[in-house]
Amino acid sequence: MKNENSTEVTEFILAGLTQSQNIQLLVFALVLIFYLIILPGNFLIILTIRSDPGLTAPLYFFLGNLAFLDASYSFIVAPRMLVDFLSDKKVISYRGCITQLFFLHFLGGGEGLLLVVMAFDRYIAICRPLHYSTVMNPRTCYALLLALWLGGFVHSIIQVALILRLPFCGPNRLDNFFCDVPQVIKLACMDTFMVELLMVFNSGLMTLLCFLGLLASYAVILCRVHGSSSEGKSKAVSTCTTHIIVIFLMFGPGIFIYTRPFRAFPADKVVSLFHTVIFPLLNPVIYTLRNQEVKASVKRLFSQRLAC
């Protein structure tokens, strides 16, 4: 007699983004163009921040890490999705699915915590400027970076541990274009109500609390900035506004996907596409376009390369 908890499914069939061949080709072309244009931009941001001695402030240190996290995050789903668009049979192995799920939540959780760290950095810079250099010293920055990577790992390993305990012995068709918790759980050969609650608590509640906490912190910062008369007021408002835009792009889809019972909605795949492919590549670019120092540094870097 076989062990009831043994996993018999060795691969999952991905339903894909859509069944329409024309729409698949259109999305393939748009995502590929977007990917080839924006992804190098993220690496350019990293190169610019690392090569310019004028961009050594903690804000730019964390911005470089955001660009790295987002670029890495985009590699988890987008390349395979583009290949699957051209394939008749979209299959991913059980181990491949678990690996994809792990890195998706590892990097996603780390990025969410990084946005919290960046909010803390802006709070100290604007509300406690005299203590900024003391509090946000290089040692603190590296400690915060280590903490957010560790937090992302713990968040992800909990997800994977719960998935690995589930038996998969029947249907193996995932109604998505990549492996994620809601779709994988639905295929388990057992009552998954308690597991879904744990997943909602681990992913959904964490996402929602971070989102509300970040909005509250930036509300405090903007109130403090509004009441001041310093010369850097417009710059502080611009920086905080940029952070808030990225917060909505990062946490909005996550809240939609993970803070409700795992039921399928028509918009799920579209939201997942933006959450896993489009927004991660856009976030650092949005920061850069609204930051005069980084834009000026990018121009100088281009001028130096052209001069050579």
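Since the model is a prediction, treat every value here as computed from it, not as a measurement.

Calculation notes
Residues numbered from 1 in each chain as written. Predicted model: local features only at pLDDT ≥ 70, side-chain atom pairs only at ≥ 80, totals over all residues. Heavy atoms only, no water. Patch = residues over 30% accessible without salt bridge, like charges linked within 9 Å, V, L, I, M, F, W, Y side chains within 5 Å. Areas by Shrake-Rupley, 256 points an atom, 1.4 Å probe, with all protein chains shown as cover. Salt bridge = Lys/Arg side-chain N within 4 Å of Asp/Glu carboxyl O. Helix = DSSP H or I, 4+ residues; strand = E, 2+ residues; numbered from the N terminus. Buried < 20%, exposed > 50% of the residue type's maximum accessible area, 1.4 Å probe, protein only. Core = buried A, V, L, I, M, F, W, Y, C linked by side-chain atoms within 4.5 Å. UniProt positions renumbered as here; feature names shortened; annotations may be inferred. Disulfide = S-S within 2.5 Å.

### Describing a nonpolar patch on the surface
A grouping of Leu150, Phe153, Val154, Ile157 and Ile158 is seen on the molecular surface, where their side chains present a nonpolar patch of about 410 Å² in accessible area. Relative to the helices and strands, Leu150 is located in helix 5 (residues 138-164). Residue class for Leu150 comes out exposed when judged on its relative accessible area of 53%.

### Section: the nonpolar core
Of all hydrophobic cores here, the largest spans 92 residues; its most connected members are Phe12, Leu115, Ile163, Phe168 and Phe251. Broken down by element, this core gets its largest block of residues, 16 residues, from helix 3 (residues 94-127).

### Overview of the UniProt feature "transmembrane region" (unreviewed entry) in the chain
UniProt tags residues 23-47, 59-78, 98-120, 141-164, 200-225, 237-258 and 270-289 as "transmembrane region" (unreviewed entry). Helix makes up 100% of residues 200-225 and strand 0%, with an end-to-end C-alpha separation of 36 Å.

### Some points on the pattern of salt bridges
Counting across every chain of the model gives 4 salt bridges. Between Arg122 and Asp121 there is a salt bridge, with the nearest N and O atoms lying 2.8 Å from each other. Asp121 carries the same exposure label as Arg122, and that label is buried. Residues Glu196 and Lys186 are paired through a salt bridge, measuring 3.2 Å at the closest nitrogen-oxygen approach. Here Lys186 lies in the loop between helix 6 (181-185) and helix 7 (193-226) and Glu196 lies in helix 7, a separation of 10 residues in the sequence. Owing to a relative accessible area of 47%, Lys186 belongs among the partly exposed residues under this scheme.

### Description of the state of the cysteines
Under the defined criterion, the tally for this structure stands at 2 disulfides. Linked covalently through their sulfurs, Cys97 and Cys179 form a disulfide whose S-S length is 2.1 Å. An S-S torsion of about -120° defines the bridge between Cys97 and Cys179 as left-handed. Within this pair, whereas Cys97 is found in helix 3, its partner Cys179 is found in the loop between strand 3 (173-174) and helix 6, the two being separated by 82 residues in sequence. Given a relative accessible area of 0%, Cys179 falls into the buried group. Cysteine pairing for the chain (bonded cysteines numbered in sequence order): 1-3, 2-4. In this model Cys141 remains outside any disulfide bridge; the closest cysteine sulfur is found in Cys240, 17 Å from its own. Look at Cys141 and you get buried, because its relative accessible area is 5%. Between Cys223, a cysteine without a disulfide, and Cys127, which holds the nearest cysteine sulfur, the sulfur-to-sulfur distance is 9.7 Å.

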